[in-house]
Amino acid sequence: MTDKNKLSRRKLIKLGMAGTVTGALGASESWSEMVTIPTPQEVEGPFYPVADQRDKDADLTRVAGQNSSAKGQYIVISGFIKDDSGQPINNAVIDIWQANAAGRYDHPRDSNSAPLDPYFQGWAVIHSDNNGQYRIKTVKPGAYPATRTWTRPPHIHFKISRQGYPKLITQMYFPDESLNATDLLFNNKNRTEQAAMIAQETGGYEGLMAYTYNIVLRGH
C-alpha cells in the first residue's frame, strides 16, 4: 500500500478512532463517516447551470409555482461540512446540481436524448447550519452517456464555499452501482479517495431512502 493510500495512525489517534477502523470497515461503513480526510476534488463538468432560477431550495423534487412534482425515486441526502481536524463548518455555501431521474441535465449543452423533467428543480444553493449540517430531498439521478464508450454512473455535483477555506468541487457517488467500476473519473482516484466520495446508505428518513455524505474541507 502506498503512502497515498494510507491513513496515518497519528490522525486516527487524534480523532479517537484508532483500533476501530477494521471493525467499522467490516460493517461496510464509509471512510468518510469515520476519518476526517479532505474530500477529493473533481472537475466541475460541462453542465453547471447557466440560467439562473428563482427556486434553489433544499427540496429538488418540486419547483415553486408548479402543481406537480418530479419523476423518479425520491431520496434524502444529509451530512456534515467539516474541516480536516473534524470541526464543523457553519454557514458554508453548498451548491448542488445533478441530472434528473432519466439522466438528463437542464442545460443547453446536454445532447442526451432522455426527456427533461419540468417539475424537477435540478439545482440547489443552501447553507450548512450552526452544526455544519445540511439536508436535501431530491431524486436519484439516472446514468447517462458521456461518450459512445463511457456511461457515467449516478452522481451528484457539490461545490462548497466558505471564507477562509479553499473552494471544493466534488462529486458524490452512490454505493453498489455497477457503473462505478468503469467510470473514468471515479477510477482516476485511489481506493481511499473513492470511499470518501461514495455516500453511505443509512436507512430511511420520513419514509424515503436516506444517504449520508460528509464533506471535508482542507484546513486553513
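Data block above holds the structure.
A. Just the overall build of the chain, in detail. Within the chain one finds 4 helices and 11 strands. Among the 220 residues that make up the chain, the fraction classed as buried is 46%. Pairs at least 24 apart in sequence give 72% of the contacts found in the chain among residues at least 6 apart. Of the accessible surface of the chain, which amounts to about 11400 Å², a share of 48% is contributed by carbon and sulfur atoms.

B. A look at the side chain of D183. Position of D183 relative to the elements: it lies in the loop between strand 8 (168–173) and helix 4 (191–197). Setting aside residues up to four positions removed in sequence, D183 forms contacts with W150, T151, R152, P153 and Y173.

C. Focus on the environment of I156. Inspection of the secondary structure assignment puts I156 in strand 7 (residues 155–161). Distance in space between the C-alpha atoms of I156 and I96 is 7.2 Å, their sequence separation being 60 residues. Not counting residues within four places of it along the chain, the set of residues in contact with I156 comprises I77, I96, W97, Q98, T138, P141, T170, Q171, M172 and F174.

D. View of the packing of aromatic side chains. Under the defined criterion, the tally for this structure stands at 9 aromatic pairs. Ring geometry for Y48 against W97: centres 4.7 Å apart, planes inclined by 90°, an arrangement best described as edge-to-face. Within this pair, whereas Y48 is found in the loop between helix 3 (31–34) and strand 1 (74–83), its partner W97 is found in strand 2 (residues 93–97), the two being separated by 49 residues in sequence. Taken individually, Y48 and W97 each receive the classification buried, so the pair is uniform in this respect. Chaining the aromatic ring pairs together yields one cluster made of F47, Y105 and Y144. Taking NZ or CZ as reference, K56 lies 4.7 Å from the ring centre of W123, over its face. For K159, the ring lying beneath its charged end belongs to Y48, and the centroid distance is 4.1 Å.

E. A look at the nonpolar core. I77, I81, F158, I160 and Y213 are the most contacted members of the largest nonpolar core, which has 32 residues in total. Of all elements in the fold, only strand 1, strand 2, strand 3 (123–127), strand 4 (133–139), strand 7, strand 8 and strand 11 (215–217) reach the threshold of two or more residues within this core. Excluding anything up to four places from it in sequence, F158 contacts I94, D95, I96, W97, Y134, L168, I169, T170, M172, Y213 and I215.

F. Main features of the sheet that holds strand 8. Here 4 strands make up an open sheet; going across it, the order is 3-2-7-8 and the pairing antiparallel. Each edge of the open sheet is held by one strand with a lone partner, namely strand 3 and strand 8. Each neighbouring strand pair of the sheet contributes to a mean axis angle of 20°, computed without reference to strand direction. As judged from the 6 bridges shared by strand 7 and strand 8, these two strands associate in the antiparallel manner. Following the sheet pairing, K159 is matched in strand 8 by I169.

G. Spatial organisation of the side chain of Q194. One can find Q194 in helix 4. Within polar-contact distance, the side chain of Q194 engages the backbone oxygen of F186 at 3.1 Å. In this structure, Q194 is in contact with F186, N187 and K189, ignoring residues within four places of it in sequence.

H. Examining the pairing of strand 1 more closely. Strand 1 sits mainly inside the fold: 8 of its 10 residues count as buried. Sheet analysis places strand 1 next to strand 4, joined by 7 bridges and oriented antiparallel. In the strand pairing of strand 4, Y74 is matched with V139. As paired elements, strand 1 and strand 10 (residues 208–212) share 4 bridges and run parallel to each other. Following the sheet pairing, V76 is matched in strand 10 by A210. Judged from the 3 bridges that link them, strand 1 and strand 11 form a sheet pairing that is parallel. The residue of strand 11 that forms the bridge with I81 is I215.

Parameters and conventions
- Residues numbered from 1 in each chain as written.
- Predicted model: local features only at pLDDT ≥ 70, side-chain atom pairs only at ≥ 80, totals over all residues.
- Heavy atoms only, no water.
- Helix = DSSP H or I, 4+ residues; strand = E, 2+ residues; numbered from the N terminus.
- Buried < 20%, exposed > 50% of the residue type's maximum accessible area, 1.4 Å probe, protein only.
- Contact = heavy atoms within 4.5 Å.
- Areas by Shrake-Rupley, 256 points an atom, 1.4 Å probe, with all protein chains shown as cover.
- Phe/Tyr/Trp six-rings, centres within 6.5 Å; stacked < 30°, edge-to-face > 60°.
- Lys NZ or Arg CZ within 6 Å of the ring centre and 35° of its normal.
- Core = buried A, V, L, I, M, F, W, Y, C linked by side-chain atoms within 4.5 Å.
- Pairing = 2+ DSSP bridges.
- Axes fitted to C-alpha atoms, helices over the stretch in contact; angles between N-to-C directions.
- Polar contact = N/O pair within 3.5 Å; in protein donor to acceptor, adjacent residues only side chain to side chain.

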